[in-house]
Amino acid sequence: MKESMLYRLTEQVRRTGRQERLWSPGDVIVVAVSGGVDSTALLHIMKEIAADEGLGLHLVCAHLHHGLRGIEADRDAEFVRELAERLGIPFDLGHADVRAYMKETGKGLELAAREKRYEYLHQVAERYGASSIALAHHADDQAETVLMRLLRGSGPSGLSGMRPKRREKNVELIRPLLRIYKTDLLQACRESGLAFVEDSSNLDKELTRNSVRLDVLPFLGQYNGQLPESLNRLAELAAAEDDYLQLETSKAYADVVRTEEGILSFSASLFATLHVALQRRLIKLILNYLPLSTEDRDFVKIEAIRQGTIQDRPTTWSLDLGGGVKCVREYDMIRMIPPAVESRIPHYTYLVEQFPAEVPIEGTGQSLRMMRLGAGREGVLAKAEGNNEAIFDADEMVYPLTVRSRLPGDAMKVLGLNGSKKVKDIFIDAKIPPSLRSRIPIVTDATGRILWIPGLRRSAVAAVNPRTTSVVHMVLTPR
């Protein structure tokens, strides 16, 4: 006996469900049903699969009344209610005022309706404790999606189209019909006598998707009689390669990117060793972790960051990415700074009025320790070991000493040089990133003379000499 088309499609969906792991035994699945041929076929197919005692799936039929088509929309809602009742499936009806939402947000009809629909479906999933939402997108929808993204100039990720399964808000969005064409769905419904409703808005060419389906695809079909199949094949190939590149990008992220105090950073020289495809994807992945809207993650900004990173000449620059997010290059380091993260430490001042003393340095995990030593104690250290240590003639300084963050116009009389040098120029010479300069402490005496920039340079003030009888020993150490 010849198998019906509905039976064949059910078996195909059953296989797809196993291959793609669209569901697990005992899952509660919300099935989005508009009443059209696609979703009506989907509900019947899912009902048949749920009857498998080994799976124990529980279905919920969900329908959203968009408040757009008056009596026709009321008819559709009643049709879906009766369909769910006949199949013995719980029914949930939602209402949305899409036009009010359009006025409130300024969004177009297609996007506004889609957002309200998904918002409702997620609410239903939460109420029923569902693990997934089943959508009736099919292979023709996939072809339209790929072509629309191609026309918008989408990259490889966009050309992979819709996925059979995608996680959103702790729920899986599943598309069991994604490899089935609409002609087969129509044949299955007509052959099995399954009623469905027609949505008159599907003929409105003012809507982009309708125009692509009714005009663009048929026109291009003159040059390729199997255009939908070709577009679906492109989506499948692009999806596989996109998945592979995403894995490689995740590995690169783990190797290259560092997170500190909410700032994502990486070495420009290390980034330059990556293939250009991974460079772009790595930047996009980093931006995904930042509070940017989708439109802010465009090719122009990604390429601006990439080009600024791979340029040979070490430099500093800042790029506003929108939403208060900044990308900053400081010599070899690239930093992505979210708006919530303060790039500079607030000004601080500590008075050192007695010794020994220990001053914590903001935002560095270090402390500045100071002690006064007499000439007879283990011999006065005449020479410091490294830039993290300095020794001064105790009698040549005016007290109290101060440890503070830098101020505009700071200058220091540098040991071994005639005259003074701006602290800003000292930082530049040492290639200290601008965002870190406010973290570096400045030690001064009561007259305001800069004695030492810990970790960098000491001044010519209060140098130890043969007549020195006591010293102040300063050391920069981890806390």
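Residues numbered from 1 in each chain as written. Predicted model: local features only at pLDDT ≥ 70, side-chain atom pairs only at ≥ 80, totals over all residues. Heavy atoms only, no water.

Enquirer: It is not clear to me how the overall build of the protein chain should be interpreted in this structure. Could you clarify?
Expert: Along the protein chain, the regular secondary structure elements total 15 helices and 22 strands. Computed over C-alpha atoms, the radius of gyration of the protein chain comes to 34 Å, more than 25% over the 23 Å expected from 2.2 N^0.38 for 479 residues, which places it beyond the range of a compact globule. Each principal axis of the C-alpha distribution contributes one length, and for the protein chain these read about 115 × 45 × 45 Å. Looking at the protein chain residue by residue over its 479 residues, the buried ones come to 46%. For the protein chain, the share of sequence-separated contacts (at least 6 apart) that also reach a separation of at least 24 residues comes to 68%. For the protein chain, the accessible surface area stands at approximately 25,100 Å², while carbon and sulfur atoms represent 51% of it. (Helix = DSSP H or I, 4+ residues; strand = E, 2+ residues; numbered from the N terminus. Rg over C-alpha atoms; globule rule 2.2 N^0.38 Å. Buried < 20%, exposed > 50% of the residue type's maximum accessible area, 1.4 Å probe, protein only. Contact = heavy atoms within 4.5 Å. Areas by Shrake-Rupley, 256 points an atom, 1.4 Å probe, with all protein chains shown as cover.)

Enquirer: Help me out: how do you make sense of helix 6 (residues 139-151) in this one?
Expert: In an α-helix, one turn spans 3.6 residues; hence positions three or four apart end up facing the same way. Here helix 6 contains 13 residues, and its C-alpha end-to-end distance of 18 Å stays within 8% of the 18 Å for a straight helix at 1.5 Å per residue. Looking only at helix 6, the buried set comprises Ala-139, Asp-141, Gln-142, Ala-143, Glu-144, Thr-145, Val-146, Leu-147 and Met-148. The inward-facing, buried residues of helix 6 abut helix 7 (156-159), helix 9 (208-220) and helix 10 (227-256). Immediately downstream of helix 6, the backbone of Gly-153 shows phi near 85°, a positive value. (Expected span 1.5 Å × (residues − 1).)

Enquirer: Teacher, can you tell me more about the nonpolar core here?
Expert: Among the nonpolar cores identified, the biggest contains 39 residues, and Trp-23, Ile-29, Val-31, Leu-43, Cys-61 and Leu-177 are the most heavily contacted of them. Broken down by secondary-structure element, the contributors of at least two residues to this core are helix 1 (5-20), strand 1 (28-32), helix 2 (37-50), strand 2 (58-65), helix 3 (71-87) and helix 8 (182-192). If you look at the next biggest cluster of nonpolar residues, it comprises 24 residues, including Val-257, Leu-278, Leu-290 and Ile-305. (Core = buried A, V, L, I, M, F, W, Y, C linked by side-chain atoms within 4.5 Å.)

Enquirer: What am I meant to see in the sheet that holds strand 12 (residues 349-352) here?
Expert: A sheet is described by the order of its strands in space; here 5 strands give the open sequence 12-16-19-20-21, paired in antiparallel fashion. Strands with a single pairing partner mark the edges of an open sheet, and in this sheet they are strand 12 and strand 21 (457-458). (Pairing = 2+ DSSP bridges.)

Enquirer: It is not clear to me how unusual backbone geometry should be interpreted in this structure. Could you clarify?
Expert: If a residue is not glycine, its phi is most likely negative; likewise, a peptide bond is most likely trans. In this structure, the amide linkage connecting Phe-355 to the following residue, Pro-356, adopts the cis form with an omega of -5°. Here Pro-356 is to be found in the loop between strand 12 and strand 13 (357-361). Between Tyr-399 and the following residue, Pro-400, the backbone shows a cis peptide bond with an omega angle of 5°. When you line up the elements, Pro-400 lands in the loop between strand 15 (389-393) and strand 16 (401-404). One non-glycine residue, Arg-21, adopts positive backbone phi at about 55°. Note that Arg-21 resides in the loop between helix 1 and strand 1. The class for Arg-21 is exposed, based on a relative accessible area of 67%.

Enquirer: How do you make sense of the packing of aromatic side chains when you look at a structure like this?
Expert: The geometry of an aromatic ring pair comes down to the distance between the two centres and the angle between the two planes. Throughout the structure, instances matching the rule amount to 4 aromatic pairs. A centroid spacing of 5.3 Å and a plane angle of 40° characterise the contact between Tyr-253 and Tyr-289, whose relative ring orientation is tilted. A residue pair is termed long-range when its members are at least 10 positions apart, and Tyr-253 in helix 10 and Tyr-289 in the loop between helix 12 (276-288) and helix 13 (299-310) qualify at 36 residues. Given a relative accessible area of 52%, Tyr-289 falls into the exposed group. Taking NZ or CZ as reference, Arg-114 lies 4.3 Å from the ring centre of Tyr-118, over its face. Geometry around Tyr-101 places Lys-116 over its ring, the cationic atom sitting 4.9 Å from the centre. (Phe/Tyr/Trp six-rings, centres within 6.5 Å; stacked < 30°, edge-to-face > 60°. Lys NZ or Arg CZ within 6 Å of the ring centre and 35° of its normal.)

Enquirer: Any chance you could explain the packing of helix 6 against helix 10 here in plain terms?
Expert: A packed helix pair is summarised by two numbers, namely the angle formed by the two axes and the spacing between the axes. Running from amino to carboxyl end, helix 6 crosses helix 10 at an angle of 75°, the nearest separation of the two axes being 8 Å. Between helix 6 and helix 10, the angle falls in the class roughly perpendicular. Here Ala-139, Asp-140, Gln-142, Ala-143, Val-146 and Leu-147 of helix 6 come into contact with helix 10, specifically with Pro-228, Leu-231, Asn-232, Leu-234 and Ala-235. (Axes fitted to C-alpha atoms, helices over the stretch in contact; angles between N-to-C directions. Parallel < 35°, antiparallel > 145°, perpendicular 65-115°, else oblique.)

Enquirer: When you look at the side chain of Arg-281 in this model, what are you seeing that I'm missing?
Expert: If you trace the backbone, Arg-281 turns up in helix 12. When neighbours within four sequence positions are excluded, Arg-281 is seen to be in contact with Pro-156, Ser-157, Asp-242, Leu-245, Gln-246 and Thr-249.

Enquirer: How should I be thinking about a nonpolar patch on the surface in this particular structure?
Expert: The grouping of Phe-219, Leu-220 and Tyr-223 at the surface amounts to a nonpolar patch, some 340 Å² of accessible area in total. Structurally, Tyr-223 is set in the loop between helix 9 and helix 10. (Patch = residues over 30% accessible without salt bridge, like charges linked within 9 Å, V, L, I, M, F, W, Y side chains within 5 Å. Salt bridge = Lys/Arg side-chain N within 4 Å of Asp/Glu carboxyl O.)

Enquirer: Explain the UniProt feature "binding site: ATP" (unreviewed entry) in the protein chain here, please?
Expert: Per the UniProt entry, the sites bearing "binding site: ATP" (unreviewed entry) are Ser-34, Gly-35, Gly-36, Val-37, Asp-38 and Ser-39 in this numbering. Tracing the backbone through its elements, the reader meets Gly-35 in the loop between strand 1 and helix 2. For Gly-35, a relative accessible area of 0% translates into the label buried. With near-sequence residues (within four places) excluded, Gly-35 lies in contact with Thr-40, Phe-79, Val-80, Phe-196 and Val-197. On the secondary structure map, Val-37 appears in helix 2. Given the relative accessible area of 6%, Val-37 is considered buried. (UniProt positions renumbered as here; feature names shortened; annotations may be inferred.)

Enquirer: Mind showing me how you'd approach the pattern of salt bridges here?
Expert: Side chains that differ in sign of charge can pair as their charged atoms come close. Considering all chains together, one arrives at 27 salt bridges under this definition. For Asp-242, the salt bridge identified is with Arg-163, shortest N-O distance 3.2 Å. One end of the pair, Asp-242, is in helix 10; the other, Arg-163, is in the loop between helix 7 and strand 5 (165-168), and 79 residues separate them in sequence. Taking the relative accessible area as the measure of exposure, Asp-242 reaches 8% and is therefore buried. Using a relative accessible area of 19% as the deciding quantity, one classes Arg-163 as buried. The closest approach of N and O atoms between Lys-205 and Asp-215, which form a salt bridge, is 3.0 Å. On the criterion of sequence distance, the pair formed by Lys-205 in the loop between helix 8 and helix 9 and Asp-215 in helix 9 is long-range, its members being 10 residues apart. Judged by relative accessible area, which is 45%, Lys-205 ranks as partly exposed. The class for Asp-215 is partly exposed, based on a relative accessible area of 32%.

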